[in-house]
Amino acid sequence: MPEPADGGTPPTTANPLQAPAALPFAVQRIDHLVLRVRDLARSIDFYGAVLGCAVVRRRDELGLAHLRAGASLIDLVSVDGPLGRKGGGAPAGDRRNLDHFCLRIDPFDEAALRAHLGRHGVPVQGAVVSNFGAEGQGPSLYIEDPDGNQIELKGGSTST
């Protein structure tokens, strides 16, 4: 089997984009992800103002807010709420919720993105890079939310 051009792990099946036939289902997309946050209001403000995610439902008795992120949801759970306390200490330094998550964005206009993020005081981590994702190779840049969760903002595929 040939090595992938991007240096990644070679696929283990003839068509890596096709689910094994034995499964009674096929994954369609990420439905939601859940982030534990130190300050729920601050995080709701960040995801709304910086990324355009709107609160679609709150469950204050659980310390939980559901935000629309395109076809998916980002759920924010306060670390001092009933759900958040189950996860231990707040994310910080060597305690992460996850490595990163990726939001597919369109259009990917680097200058406009940097200007928008700068207006919100959100630093971009490094240069735009080309990364592989669900739609193939495409431009990406990275930011962090107020709790240090790394977010990849990824444009559409490029012909590579």
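Above this text is the structure in question.
Parameters and conventions
Residues numbered from 1 in each chain as written. Predicted model: local features only at pLDDT ≥ 70, side-chain atom pairs only at ≥ 80, totals over all residues. Heavy atoms only, no water. Helix = DSSP H or I, 4+ residues; strand = E, 2+ residues; numbered from the N terminus. Pairing = 2+ DSSP bridges. Phe/Tyr/Trp six-rings, centres within 6.5 Å; stacked < 30°, edge-to-face > 60°. Buried < 20%, exposed > 50% of the residue type's maximum accessible area, 1.4 Å probe, protein only. Core = buried A, V, L, I, M, F, W, Y, C linked by side-chain atoms within 4.5 Å. Contact = heavy atoms within 4.5 Å. Axes fitted to C-alpha atoms, helices over the stretch in contact; angles between N-to-C directions. Lys, Arg positive; Asp, Glu negative; His and termini not counted. Salt bridge = Lys/Arg side-chain N within 4 Å of Asp/Glu carboxyl O. Polar contact = N/O pair within 3.5 Å; in protein donor to acceptor, adjacent residues only side chain to side chain.

Participant: So what's going on with unusual backbone geometry? Which residues, and what values?
Facilitator: Of the consecutive residues aspartate 106 and proline 107, the connecting peptide bond is found in the cis state with omega at 0°. Looking at the secondary structure, you find proline 107 in the loop between strand E5 (100-104) and helix H2 (110-119).

Participant: Provide a residue-level description of the pairing of strand E6 (residues 129-133), including the pertinent values.
Facilitator: The pairing of E6 with strand E7 (residues 136-144) spans five bridges and is antiparallel. Bridge pairing in E7 links phenylalanine 132 to glutamine 137. In textbook terms, the turn of a hairpin is the stretch between consecutive antiparallel strands, and for E6 and E7 this stretch comprises two residues.

Participant: Requested: an account of the packing of aromatic side chains, with residues and values cited.
Facilitator: This structure, assessed with the given rule, holds one aromatic pair. Judged by centre distance (5.1 Å) and plane angle (80°), the ring pair of phenylalanine 46 and tyrosine 47 falls under edge-to-face. This pair shows no difference in class: phenylalanine 46 is buried, exactly as tyrosine 47 is.

Participant: How would you summarise the nonpolar core if you had to cite specific residues and measurements?
Facilitator: If you look at the biggest cluster of nonpolar residues, it comprises 26 residues, and the most contacted ones within it are Tyr47, Ile74, Leu76 and Ile143. Put simply, the parts of the chain that give this core at least two residues each are strand E1 (32-37), helix H1 (40-49), strand E3 (64-69), strand E4 (72-78), E5, H2, E7 and strand E8 (150-154). Broken down by element, this core gets its largest block of residues, four residues, from H1. When neighbours within four sequence positions are excluded, isoleucine 74 is seen to be in contact with Leu33, Leu35, Tyr47, Cys53, Ala65, His66, Leu67, Ala69, Phe101 and Leu103.

Participant: Pulling in residues and values, what's your account of the pairing of E4?
Facilitator: When you tally the buried positions in E4, you get seven out of seven residues, the bulk of the element. Because side chains alternate across E4, one face comprises the buried residues Ser72, Ile74, Leu76 and Ser78, and the other comprises Leu73, Asp75 and Val77, equally buried. Here E1 pairs with E4 via six bridges, running parallel. For histidine 32, the partnering residue across the bridge sits in E4 and is leucine 73. Bridge analysis of E3 against E4 gives six bridges, and the strand direction is antiparallel. Paired with leucine 67 across the bridge in E4 is isoleucine 74. Between E3 and E4, which pair antiparallel and follow one another directly, the connecting turn spans two residues, one of which, glycine 70, has a positive phi of 65°.

Participant: Before we move on, can you summarise the sheet that holds E6 with the specific residues and values?
Facilitator: Here four strands make up an open sheet; going across it, the order is E5-E8-E7-E6 and the pairing mixed. Whereas interior strands pair on both sides, the edge strands pair on one side only; in this sheet they are E5 and E6. In this sheet, adjacent strand axes meet at a mean angle of 45° when their direction is disregarded. Where E5 meets E8, five bridges bridge the pair, whose relative direction is parallel. Bridge assignment links cysteine 102 to a residue of E8, and that residue is glutamate 152.

Participant: Now, about the side chain of glutamate 152: what can you tell me, with residues and values included?
Facilitator: Counting through the fold element by element, glutamate 152 comes out in strand E8. For the buried residue glutamate 152, which engages in no salt bridge, the nearest side chain bearing the opposite charge is lysine 154, 5.8 Å off. Within polar-contact distance, the side chain of glutamate 152 engages the side chain of serine 140 at 2.6 Å. Setting aside residues no more than four positions away along its own chain, glutamate 152 makes contact with His100, Phe101, Cys102, Leu103, Asn131, Ser140, Leu141 and Tyr142.

Participant: Would you mind going over the environment of glutamine 150 in detail, with residue names and values included?
Facilitator: Position of glutamine 150 relative to the elements: it lies in strand E8. Sequence-wise, glutamine 150 and cysteine 102 are 48 residues apart; in three dimensions their C-alpha atoms are separated by 8.7 Å. A polar contact is formed between the side chain of glutamine 150 and the side chain of glutamine 125, at a distance of 2.6 Å.

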